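# Observations on chain architecture
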Amino acid sequence: DGEGAAAADFGGDIGHGAIIEGMPELPDITVYVESLDAKIRGDTLSRVKIASPFLLRTAVPPIASAENKKVVGTRRLGKRVVIEIEGELFLVIHLMVAGRLHWHAALGKPTAKTALATLEFNGGTLALTEAGTQRRASLHFVAGRDALQAMDPGGIDVMRCKPAEFAAQLAAENHTLKRSLTNPQLFSGIGNAYSDEILHRARLSPVTLTRSLDAAAAQRLLEATREVMSEWTQRLGEEAAKHSGWPPKVTAFNPQMAVHGR
């Protein structure tokens, strides 16, 4: 789904000297979703403005049919942000490496002129921007839960899966731990930055082969995964709460990280 190809760009330079700070992963997307849900659930999506022809990848039915409908809720789908509106219609946003979401209150400052898309609600406006020029971020508009499910890369939810399910996913293919953890078909929402934090916490080498792990090591890895994801989701959520309920800066690499920090 493009995530693997983008991994090489983490922390890289993408056009016009813009330093991209990594693809948002499970903690970042979770906080985006929770923040967005608090602002738009039950509100009406009054207008959708698409400024970039590269952004909208699918629109069946037409994107205009999303307008003047109420928001049912939001969710995370892998590394995607999903907005559900009445009638089983779904707006699916994939930020890739350089995309970011910005919230502007109805009476606040205007949205950035560089926004690739804006979603206007009664209570404010959601703007999607993307640094650089490669235009990898995407917006899909689909109808029906089957169409939404088809966009799921298929990785298991590491926060809810059973230990045996986690171990089975690890052993499905004999790859390095780093490669397997960041495979969206195996595990949902883990990318470059947090996989390193997880492996550091678990005291495991990124190049260890998955099928060489014993049961104790696999359990230690699962526990480290949940600890790291929970801690960072809480930390980022608390930071968002200090800034009007919206994350002030989303970056995969944070100074407090053990591997990608100071």
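Relevant structure appears above.
Residues numbered from 1 in each chain as written. Predicted model: local features only at pLDDT ≥ 70, side-chain atom pairs only at ≥ 80, totals over all residues. Heavy atoms only, no water.

## Details of unusual backbone geometry
Residue Asn-68 is not a glycine yet carries a positive backbone phi of 65°. By the secondary structure assignment, Asn-68 is in the loop between β2 (56-60) and β3 (69-77). The exposed category is assigned to Asn-68, whose relative accessible area is 59%. Positioned with a positive phi, Arg-203 is a non-glycine residue whose angle comes to about 60°. On the secondary structure map, Arg-203 appears in the loop between α6 (192-202) and α7 (215-241). (Helix = DSSP H or I, 4+ residues; strand = E, 2+ residues; numbered from the N terminus. Buried < 20%, exposed > 50% of the residue type's maximum accessible area, 1.4 Å probe, protein only.)

## Considering the environment of Gln-219
Turning to its location among the elements, Gln-219 is positioned in helix α7. A C-alpha to C-alpha distance of 6.7 Å links Gln-219 and Pro-163, two positions 56 residues apart in sequence.

## Concerning empty space enclosed by the protein
The full count for this structure, using the stated rule, is three cavities of 30 Å³ or more. In this structure, the largest cavity spans a volume of roughly 60 Å³. Along its surface, the largest cavity is lined by Leu-55, Ile-93, Leu-101, Ala-117, Leu-119, Leu-126, Ala-127, Leu-128 and Leu-139. Of all elements in the fold, only β7 (117-121) and β8 (124-130) reach the threshold of two or more residues within the lining of the largest cavity. Sorting elements by how many residues they give to the lining of the largest cavity places β8 first, with three residues. Considering only residue class, the lining of the largest cavity consists of nine nonpolar, no polar and no charged. (1 Å grid on protein atoms, 1.4 Å probe; cavity = no way out; pocket = protein on both sides within 12 Å on 5 of 7 lines; lining within 4 Å. Points joined across faces, edges and corners; volume = space filled by probe spheres on them. Nonpolar A, V, L, I, M, F, W, Y, C, P; charged D, E, K, R; others polar.)

## Points about the side chain of Thr-129
Mapping Thr-129 onto the fold places it in strand β8. Here His-102 takes part through its side chain, which lies 2.7 Å from a polar atom of the side chain of Thr-129. (Polar contact = N/O pair within 3.5 Å; in protein donor to acceptor, adjacent residues only side chain to side chain.)

## Let's talk about the packing of helix α4 (residues 163-171) against α7
In contact at an axis separation of 10 Å, α4 and α7 are set at 105° when each is read in the N-to-C sense. Considering the angle they form, α4 stands roughly perpendicular to α7. Note on element contacts: α7 touches α4 through Ala-218, Gln-219, Leu-221, Leu-222 and Thr-225, opposite Pro-163, Phe-166, Ala-167 and Leu-170. Considering only residue class, the contact of α4 with α7 consists of seven nonpolar, two polar and no charged. (Axes fitted to C-alpha atoms, helices over the stretch in contact; angles between N-to-C directions. Parallel < 35°, antiparallel > 145°, perpendicular 65-115°, else oblique. Contact = heavy atoms within 4.5 Å.)

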